[in-house]
Amino acid sequence: MTESAKPDLPPIVQTGAAVLRARAHEVATAKLGSSELRALVATMLDVMRAAPGVGLAAPQIGVPLRVIVLEDRPEFVATLTESERAEKERVAFAARTIINPVLELLGPVHDRPVHFEGCLSVDGFAALVPRDREVEVTGYDVDGSPVRWRVTGWPARILQHEVDHLEGTLYLDRMFTRTFARVEHVRQRFAAKPIAEIRAELGV
Ligand code: ZN
């Protein structure tokens, strides 16, 4: 799953490493738009795509900086049934880079969607994780221009997951622990099953 197509790509750091549990540093204003930062973002996009994944935070390649990349490709979304897409509110979106992201959770807090979530740094596992349905993120793009992105559904989930990485937080800290499972079990037991049924079965 994390086998990379390009031999020169850095490996994805796995859970247990200190860098995944530390707060990442702000990128200095003077570095915004720099060639150094562009090179980091290009590497992160390559690593994310090779994995393949839908998001990556710089600490996941051992770089303790507040940089995230996200991309949900049409071919990924196409693997889901229409009802899965609807339940997850999953829609394809083009690659985005957000530097020094500031996330605002927009709720609703009383009715947070729950879905299986995995992480390239917790390779081979997944668990049910509640997240806010809607968020707004502000920050800077790779050119150093300010960005603002308000999203609902699956892109909002990816954003919350990636920004968590910058705080040293993993989905493991937010999951319903009874649902933590190897991905092959999740596929065999729960593929295309409504979340309410899965929750009832697992007692969460
Ligand atoms: Zn992750």
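For the structure, check the block above.
Quick caveat: nothing in here was measured; it's all calculated off a predicted structure.

Colleague: What's the story with the sheet that holds strand β2 (residues 67–72) in this structure? I'm lost.
Modeller: In a beta sheet, neighbouring strands are held together by backbone hydrogen bonds and run either parallel or antiparallel to one another. Here 5 strands make up an open sheet; going across it, the order is β1-β2-β3-β6-β7 and the pairing antiparallel. For this open sheet the edge positions go to β1 (55–57) and β7 (146–152), each flanked by a neighbour on one side alone. Sheet twist, expressed as the mean angle between neighbouring strand axes with direction ignored, is 35 degrees. Bridge analysis of strand β3 (residues 93–105) against strand β6 (residues 134–140) gives 5 bridges, and the strand direction is antiparallel. Bridge pairing links L103 to V137 in β6. Packing of helix α1 (residues 35–50) onto the sheet brings it into contact with β1, β2 and β3, and relative to β2 it is tilted by some 40 degrees. Strands β1, β2, β3, β6 and β7 of the sheet are contacted by helix α4 (residues 154–166), whose axis makes an angle of about 155 degrees with β2.

Colleague: In this structure, what is going on with the pattern of salt bridges? I would like to understand it.
Modeller: Here the idea is simple: oppositely charged side chains can pair when their charged atoms come close. All told, the structure shown has 21 salt bridges when counted by the stated rule. Here E167 and R23 are joined by a salt bridge, their closest N and O atoms 3.6 Å apart. Linking E167 in the loop between α4 and β8 (181–182) with R23 in the segment before α1, this pair joins segments that are 144 residues apart in sequence. With a relative accessible area of 38%, E167 lands in the partly exposed category. Overlapping salt bridges, with partners in common, bring together E117, R131, R157, D164 and R174 in one network.

Colleague: Looking at this model, I keep getting lost on the coordination of the zinc ion. Mind explaining?
Modeller: Protein-derived ligands of the zinc ion are C119 (SG), H161 (NE2) and H165 (NE2), with the metal-ligand distances lying across 2.1 to 2.3 Å. Every donor residue of the zinc ion comes from the same chain, spaced as C-x41-H-x3-H. Linking C119 in the loop between β4 (114–117) and β5 (125–130) with H165 in helix α4, this pair joins segments that are 46 residues apart in sequence. Judged by relative accessible area, which is 7%, C119 ranks as buried.

Colleague: Explain the sheet that holds β4 here, please?
Modeller: A sheet is described by the order of its strands in space; here 3 strands give the open sequence β4-β5-β8, paired in antiparallel fashion. Looking at the sheet topology across the chains shown, the edges are occupied by β4 and β8. Where β5 and β8 come together, 2 bridges link them in antiparallel fashion. Bridging across to β8, A126 finds its partner in A181. Across the sheet, α4 touches β4 and β5, and the angle it forms with β4 is around 60 degrees.

Colleague: Help me out: how do you make sense of the side chain of D132 in this one?
Modeller: Locating D132 in the fold gives a position in the loop between β5 and β6. The class of D132 is buried, set by a relative accessible area of 4%. Among the polar contacts made by the side chain of D132, one reaches the main-chain amide nitrogen of G107 at a distance of 2.8 Å. Within polar-contact distance, the side chain of D132 engages the side chain of R112 at 2.8 Å. The residues touching D132, leaving out its near neighbours within four places in the chain, are L105, L106, G107, R112, P113, A156 and Q160.

How each quantity is defined
- Residues numbered from 1 in each chain as written.
- Predicted model: local features only at pLDDT ≥ 70, side-chain atom pairs only at ≥ 80, totals over all residues.
- Heavy atoms only, no water.
- Pairing = 2+ DSSP bridges.
- Helix = DSSP H or I, 4+ residues; strand = E, 2+ residues; numbered from the N terminus.
- Axes fitted to C-alpha atoms, helices over the stretch in contact; angles between N-to-C directions.
- Contact = heavy atoms within 4.5 Å.
- Salt bridge = Lys/Arg side-chain N within 4 Å of Asp/Glu carboxyl O.
- Buried < 20%, exposed > 50% of the residue type's maximum accessible area, 1.4 Å probe, protein only.
- Donors = N, O, S within 2.8 Å, 3.2 Å for Na, K, Ca; no water.
- Polar contact = N/O pair within 3.5 Å; in protein donor to acceptor, adjacent residues only side chain to side chain.

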